[in-house]
Amino acid sequence: MSAFETRTAEAAAADSGARGPLFYVGATALLLAMAVDALAVLGRHVGLPLLGSLELVQAAIVVASSTAIVFATLANRHAAARFLLDRSTPRVRLWLQQFARVLTLLFFLILASGQTWIAHDLWDGHEDSELLHIPFAPLRLVSILAVLMAAAITLRRLLRRSKA
Amino acid sequence: MGQLSIGIGGVVLLLALLSTGTPIGVALGVVGFGGLVLLLGLEPALIKSGVVLFETLSRYELGVLPLFLLMAHLCFAANASRDFFDAAARVIGHRRGGLALASVAACAGFGAISGSSLATTATIGLVALPEMRQRGYSSALATGAVAAGGTLGQMIPPSGALIIFGIIAEQSIGKLFVAAIVPAITQVLLYCLAILIICHLRPSIAPPTPRVGWRERRIALLRVTDLALLILLVIGGIALGWFTPPEAASVGVVGALALCLWRRRLTWQSLRHALAETLRTSGMVYLVVIGAIIFSVFVSVTGLAVQVTGLFATVGGGPLAKLLLMALVLLLLGSVLDGLALMLLTTPILLPVIQTMGLSPIWFGIFLVRAMEIGFVHPPIGLNLYVIQQIAPDVSIGRIFKGVLPFLAADFLHLLLLILLPAMALALPKLLAT
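As for the overall build of chain B
Move 1: When helices and strands are counted, chain B shows 22 helices and zero strands.
Move 2: Its C-alpha radius of gyration of 22 Å places chain B within 12% of the 22 Å reference for a compact globule of 434 residues.
Move 3: Counting only C-alpha atoms and orienting by the principal axes, one finds that chain B spans roughly 70 × 50 × 50 Å.
Move 4: For chain B, buried positions account for 63% of its 434 residues.
Move 5: Residue pairs in contact within chain B that sit at least 24 positions apart in sequence constitute 80% of those at least 6 positions apart.
Move 6: A total of about 15,500 Å² of accessible surface is found on chain B, and carbon and sulfur atoms cover 68% of it.
Move 7: The positive charge centre, built from 25 side chains, and the negative charge centre, built from 15, are 12 Å apart in chain B.

Some words on helix H10 (residues 160-169) of chain B
Residue and element names in this part refer to chain B.
Move 1: Burial within H10 is extensive, with ten of its ten residues counted as buried.
Move 2: Of all the positions in H10, only Gly160, Ala161, Leu162, Ile163, Ile164, Phe165, Gly166, Ile167, Ile168 and Ala169 are classed as buried.
Move 3: Close packing links the buried residues of H10 with helix H4 (64-77), helix H9 (152-155), helix H11 (173-201), helix H15 (268-302), helix H18 (339-356) and helix H19 (361-375).
Move 4: Capping the start of H10, serine 159 holds a side-chain oxygen 3.3 Å from the backbone nitrogen of alanine 161, two or three residues further along.
Move 5: Glutamate 170 lies just past H10 and shows a positive phi near 55 degrees.

Thoughts on H11(B)
Residues and elements named next belong to chain B.
Move 1: Here H11 spans 41 Å end to end across 29 residues, near enough to the 42 Å set by a 1.5 Å rise per residue.
Move 2: In H11, a bend of some 30 degrees at isoleucine 181 exceeds every other bend along the element, and proline 183, a proline, comes one to four places later.
Move 3: The opening residue of H11, the one whose side-chain oxygen lies 3.4 Å from the backbone nitrogen of glycine 174, is serine 172.

Section: unusual backbone geometry
Residue and element names in this part refer to chain B.
Move 1: In this structure, proline 158 follows proline 157 across a cis peptide bond, with omega equal to 0 degrees.
Move 2: Following the sequence through the fold, proline 158 ends up in the loop between H9 and H10.
Move 3: Look at glutamate 170: it is not a glycine, yet its phi comes out positive at around 55 degrees.
Move 4: Structurally, the position occupied by glutamate 170 is in the loop between H10 and H11.
Move 5: You will see that arginine 264, though not glycine, has its phi angle at about 55 degrees, which is positive.
Move 6: Mapping arginine 264 onto the fold places it in the loop between helix H14 (245-262) and H15.

Re the packing of aromatic side chains
What characterises a pair of aromatic rings is the spacing of the ring centres plus the angle enclosed by the ring planes.
Move 1: Throughout the structure, instances matching the rule amount to twelve aromatic pairs over all chains.
Move 2: Arranged with centres 6.4 Å apart and planes meeting at 55 degrees, the rings of Phe136(A) and Phe54(B) form a pair that is tilted. Remark: Phe54(B) occurs in helix H3 (residues 42-57) and Phe136(A) occurs in the loop between helix H4 (90-122) and helix H5 (137-163); the pair is interchain, linking two chains.
Move 3: Taking the relative accessible area as the measure of exposure, Phe136(A) reaches 26% and is therefore partly exposed.
Move 4: Measuring from centroid to centroid gives 6.4 Å for Phe76(B) and Phe110(B), while their planes differ by 70 degrees, and the two rings are edge-to-face. Here Phe76(B) is found in helix H4, whereas its partner Phe110(B) is found in helix H6 (residues 98-114), with 34 residues between them in sequence.

How each quantity is defined
- In every chain, residue numbers begin from 1 and rise along the written sequence.
- All chains are assigned letters beginning with A, and all ligands numbers beginning with 1, in the order in which they are written.
- Restriction of local features to residues with pLDDT of at least 70 applies here, the model being predicted, together with a cutoff of 80 or more for giving and counting side-chain atom pairs; totals for whole chains, interfaces and linings are based on all residues.
- Side-chain metrics rest on all non-hydrogen atoms present in the structure, leaving aside hydrogens and water.
- Helix and strand definitions follow DSSP, with helices as H or I runs of at least four residues and strands as E runs of at least two, each counted in order from the N terminus.
- The globule rule is 2.2 Å times the number of residues to the power 0.38, and the radius of gyration it is compared with is taken over C-alpha atoms.
- Residue burial is assigned from relative accessible area. The probe radius is 1.4 Å, only protein chains are included, and a residue is buried under 20% of its type maximum, exposed over 50%, and partly exposed in between.
- In what follows, residue pairs with any heavy atoms lying within 4.5 Å of each other are defined as contacts.
- Throughout, the Shrake-Rupley method with a 1.4 Å probe supplies accessible areas, and for residues the shown protein chains are the sole cover considered.
- Positive charges come from Lys and Arg alone, negative charges from Asp and Glu alone, with His and the N- and C-terminal ends not counted.
- Throughout, a charge is located at the NZ atom of Lys, the CZ atom of Arg, the CG atom of Asp or the CD atom of Glu.
- Each polar contact in these results corresponds to two N or O atoms within 3.5 Å; when the atoms are within protein, one needs to be able to donate a hydrogen and the other to accept it, and residues that are neighboring in sequence are counted only if both atoms are side-chain atoms.
- By this rule the span expected of a helix is its residue count minus one, scaled by 1.5 Å.
- One axis is fitted to the seven residues ending at the residue and one to the seven starting there. The bend at that residue is the angle between these axes.
- Here a Phe, Tyr or Trp ring, Trp counted by its six-membered ring, pairs with any other such ring whose centre lies within 6.5 Å, and the pair is stacked when the planes are under 30 degrees apart, edge-to-face when over 60, and tilted otherwise.

Taken by themselves, the reported measurements are silent on function.
What follows is the structure, given as structure tokens:
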């Protein structure tokens, strides 16, 4: 598969992602964060403060940002300095790309392991937010799930290229 | 192996990984994690990484970034870039070099929405370059003006780079935004001055275009009134303390949605596209920030920043010489590192130096972003040059760079002014705080 075909396939995958459940979860969370924050501003200025708005926004942002990481991985959008990569021979470029994928996979697994460790330690503590008592455990699970999904996408890409 | 050697080894390894095309966030995170394993052990390193992941994803202040991105995408869907350029072109386009001036003005206008250098360059380039070339402008001046003007997206609030700096350096994003206003305005003025000087010296490269009537000018200006009001609301609201930057971002998105509705440009397809683009770009930024925070923890454990501070203390000639040296280091690194990587690598090392010198971290944020911007327009990285070349494939990179040179001179002068007159960045936040 040529570099162009690969990019086209990745872009197509990303576009189809914009119609999948992942997109709707992330987009809804983002719009929820916006709506709550805007209502909080409005409420404050008209003398009707929205209690716990910050906690609601934080929860929505966890879901939106976790989804965003998966989305960026799916679209292969992670920022990289490409000037050396673009000037390499196809063979060296493939090798460097695979190397970057191994490191990316490793990093996602490190993040997932670290957060799983903490979530496990705090599981019985039933941590929640101060005002609205939003439980943190499900939000921690969302973040773990997101980096594991990103790891799975990277692994699939790594194996596909190895076979190619 | 001592802590310092591990720190230096980490920085070298990071530079090597970045040059091989490893994603910036991954390179920062893996090197930071590896260093922490060596210095503290596997368990603390893993736990720290897990803590950083959740703290970053749940950070209220960082939520500002996806929301500002969404605002930018919605404004783009509302045809903001075309309208900004049209308005500027009708008002000043008939003067010699007027369309180049209009490009810079349009970059400033769109930069106040997008917060990104590349996005500003690409969107304004698409509308301004064909117009300038059709009117007989030299390709060097046309491409140079847009490439340099695009960097304004990074400085004019709401700037993505300033948001990330605020998170990494633990500084008020609101103060950073306010501090960027005067430097951004002076940068625009210097770019305009550069265009006027070039056109004065070589009038043939930017022929005057027919003057349009006042009615047409008024129509074009009226068309950007809603956009201008939105920008004023967002930036003014932060500056006047009506709302915090994260709240301003939400207000901005509501305003952008209203603007799209008002302009009859809000379709399900445009909204879905804006949301999808926002999620993709935000995911990239979140990974970079997570990696950068892990790396900065590693740098602080190694004591590397303390050593660099000591090294700077040995430089004679007072604070000015130290800052000039720092600017030189940043510019040299900026020629081999991506702007974001430059900021994330140097902030944890240079910020303590700045604080030891008694200088403001807010000023340093503006200074760093300004140095970063310069890296966007000079080879070998010069991402804006490549963005422009994609829009105008018949113009060589060498020619685009030639066109950028006068603006680079303006950039160096601006950076020097920022060093000599820190009040350029600090006066407005101080004034508004009183």
